[in-house]
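These are the residues of each chain, in order.
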Amino acid sequence: MTLPVPPLPVPTMPRPPVGVVGLGQLGGSLAAALVAAGREVSGWDVDPAARDAAAARGVHVTRELGGVVVLAVPLPATAGALDGLEVDPAATVTDLGSVKVSVLASVGAALGDRFVGGHPMAGTERSGHGATDPDLFRGARWALCLEPGTDLRRWLRAAEVALDAGAEVVPLTAAEHDDAVAAVSHVPHLLAAALAAAAGEAGPLALALAAGSFRDGTRVIGSDPALVTAMVEGNAGPTAAALARVRAQLDRPWPDLVAAGHGVRTAGTTAGRRPVRVPLDRAALLALGRAGGAVTSRLAAFVEGWVPEG
């Protein structure tokens, strides 16, 4: 009798525990998602209320962390996030910060190849542990940095955390990340602020008539101003360059501008996906990210994912 041949490559080894530092909206949501996925999750936060809320969701609250340690704290606090904690010297450390080059220069310099920079493209204008949502990352893109000195084994461990939270992983470098998010995240925060401020100058009648387009266009500036300021100032160069491109677009004839913007927006919502299998190789993974694709699952010698059709 011929036995069936198991599919190759075979599944990977069991996932290590995850420790989350900072249990606000992002960290609390990640911890809750990982608990739901069956991961062993520990966490810590300086806020006792955040610790209590996480414990009620199944997170083991402790200062002793190991496995994959995730820094889910505000950007200015990232460099000192591990102070006062007992972290396994062998642990892989990643973060959720919205700027990567500066974090790589601080945390990455201190931790060496133990550090893998990350940034989930998820979240709302709300903050704190009361905004926790275990489905926050489902279907979201999760940027994960692959620098020349990144340990690929540690990168994969960080990728597994993102995948188990329901996200899709985009391999890229820190510089590529900061250039890209300046255009699609940081400038939109500034534009939302400008739109809201200009509408305020138009007077109470204009604000009384504001409806869906104004609400959607200004939603993100409801975020904590200190967090937004830290984000855009922490990525000042790429954000200024991206803002200059927006100003140049506004100088175009309005019919041309409307048509061009409509074309980009509709193409992004109608593009299909082509499944791919990519070897565990830095160049191949970066090529996937640069093509606009993402990783959706990990196998022993490959990752599976997709790239846009066409």
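Up top you'll find the structure we're talking about.
These lines cover the structure that appears in this document, whether it is placed above or below.

Criteria and thresholds
Residues numbered from 1 in each chain as written. Predicted model: local features only at pLDDT ≥ 70, side-chain atom pairs only at ≥ 80, totals over all residues. Heavy atoms only, no water. Buried < 20%, exposed > 50% of the residue type's maximum accessible area, 1.4 Å probe, protein only. Helix = DSSP H or I, 4+ residues; strand = E, 2+ residues; numbered from the N terminus. Pairing = 2+ DSSP bridges. Right-handed = clockwise from strand over helix to strand, strands pointing away. Axes fitted to C-alpha atoms, helices over the stretch in contact; angles between N-to-C directions. Parallel < 35°, antiparallel > 145°, perpendicular 65-115°, else oblique. Left-handed = near helix turned anticlockwise from the far one by under 90°. Contact = heavy atoms within 4.5 Å. Nonpolar A, V, L, I, M, F, W, Y, C, P; charged D, E, K, R; others polar.

**A closer look at the pairing of strand β7 (residues 92-95)**
Argument step 1. Along β7, one buried face is formed by T92 and T94 and the opposite face, lined by V93 and D95, is buried too.
Argument step 2. In terms of strand pairing, strand β5 (residues 68-71) meets β7 through four bridges, oriented parallel. Note on β7: the bridge partner recorded for L71 is D95.
Argument step 3. In terms of strand pairing, β7 meets strand β8 (residues 115-116) through two bridges, oriented parallel. Paired with T94 across the strands is V116, a residue of β8.
Argument step 4. A crossover connection joins β7 to the parallel β8 through helix α3 (residues 101-111); in handedness this β-α-β unit is right-handed.

**Re the packing of helix α5 (residues 174-202) against helix α9 (residues 236-250)**
Argument step 1. In the contact formed by α5 and α9, the axes pass within 8 Å of each other and the chain directions differ by 65°. By the angle class used here, α5 and α9 are roughly perpendicular. Remark: the crossing between α5 and α9 carries right-handed chirality. Where α5 approaches α9, its residues D178, D179, A182, A183, H186, V187, L190 and L191 are matched on the opposing element by P238, T239, A242, L243, R245 and V246.
Argument step 2. Looking at the contact of α5 with α9 residue by residue, the class counts come to nine nonpolar, two polar and three charged.

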